[in-house]
Amino acid sequence: MTSLPIQEILIPQDRLQKRVSEIARQISEEYAGKSVLFIACLKGAVFFLSDLMKEMTIDVEVAFLYLSSYKGYTSPQGGVRQYMLPLPNLRDRHVILIEDILDTGNSLIYAWDYCRHFQPRSLQNCILLVKEGSEREEIPPVHYRGFDIPNVFVVGYGLDYQEKYRQLPYIAIPSL
Ligand code: IMP
Ligand code: MG
C-alpha cells in the first residue's frame, strides 16, 4: 500500500475508530437539541471529519478552511497562509473547529481568530492528536481531544509526509 518505511504504528485503526466514536457521542450529548457547524481544516482533518460525522446523532453541517503553514519561516500570521474558500455565515452558529493535529499551534490560533471574527454563538475545537509540549498559554484550550502523542512526526489518517501517506488507516511514525 505504501513504500514508506514505518518505524512504529502509534495508533492502530481500531483504537482510532473507537475514540472517534466516543468523541462523536460526547459532542452529540453536549450539543443535544442544537445544530452544529463543523469547520474542518484542509487537508489533514478530512478523514477524522468524515468518521466523526458518521457517528453524530444531532444535526451537523460542514464547511472547510484551507490553511497551509510554512515551517521554518516567520510571518505576521505565525507562518500560516489561508487559501480562500466560501464559508457560510457563522453568526449565531454553534461552531466546532476540527483539526488533525496540534503541533506549533499556529494553525489553531489562526483558525480560531478567523472564526471568532464572524461572531459565532459558540466556538469550540476538536483535535485528533495533541503533541506533547504543544499546549501553551497563547493557544486556545483544547475542548475535544482524540489522543495525546509524543513530540514525533507522524503520518496516516489524513496526515501526510510530502503529500503522501494520508491514506494509511492508522497513525504511524515513519522512519525518515
Ligand atoms: P501547527 O504546527 O500546530 O500549526 O500544525 C500545522 C499543520 O502541520 C497541521 O495541521 C498538520 O497538517 C501539519 N503537521 C504538524 N505536525 C505534523 C506531523 O507530525 N505529521 C504530519 N503533519 C503535521
Ligand atoms: Mg502537511
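Residues numbered from 1 in each chain as written. Chains lettered and ligands numbered in written order. Predicted model: local features only at pLDDT ≥ 70, side-chain atom pairs only at ≥ 80, totals over all residues. Heavy atoms only, no water.

Asker: I'd like a rundown of the overall build of the protein chain, residues and numbers included.
Answerer: In terms of regular secondary structure, the protein chain is built from three helices and eight strands. Going from N to C terminus, the protein chain has its helices and strands arranged as β-α-β-α-β-β-β-α-β-β-β. Taking 16 Å as the expected radius of gyration for a compact globule of 176 residues, we find that the protein chain reaches 16 Å, a close match to that expectation. Principal axes of the C-alpha set define a box for the protein chain whose edges measure 45 × 40 × 30 Å. Classification of the 176 residues of the protein chain by burial places 46% in the buried group. (Helix = DSSP H or I, 4+ residues; strand = E, 2+ residues; numbered from the N terminus. Rg over C-alpha atoms; globule rule 2.2 N^0.38 Å. Buried < 20%, exposed > 50% of the residue type's maximum accessible area, 1.4 Å probe, protein only.)

Asker: Residue-level account of the pattern of salt bridges, with values.
Answerer: If you walk through the whole model with that rule in mind, you get 12 salt bridges. Between E138 and R136 there is a salt bridge, with the nearest N and O atoms lying 2.5 Å from each other. Here the salt bridges do not stand alone but share partners, grouping K43, D160, E163 and R166 into one network. (Salt bridge = Lys/Arg side-chain N within 4 Å of Asp/Glu carboxyl O.)

Asker: Tell me about the site of ligand 1, and please be specific about residues and values.
Answerer: Not every one of the 16 residues close to ligand 1 is listed here, only the nearest: D100, T104, G105, S107 and V154. The side chain of D100 places a nitrogen or oxygen atom 2.8 Å from an oxygen atom of ligand 1. Relative to its unbound accessible surface of 490 Å², ligand 1 loses 89% to contact with the protein. Elements supplying a minimum of two residues to the shell around ligand 1: β5 (94–102) and α3 (106–116). Its residues placed into classes, the shell around ligand 1 shows six nonpolar, five polar and five charged. (Near = heavy atom within 4 Å. Polar contact = N/O pair within 3.5 Å; in protein donor to acceptor, adjacent residues only side chain to side chain. Areas by Shrake-Rupley, 256 points an atom, 1.4 Å probe, with all protein chains shown as cover. Nonpolar A, V, L, I, M, F, W, Y, C, P; charged D, E, K, R; others polar.)

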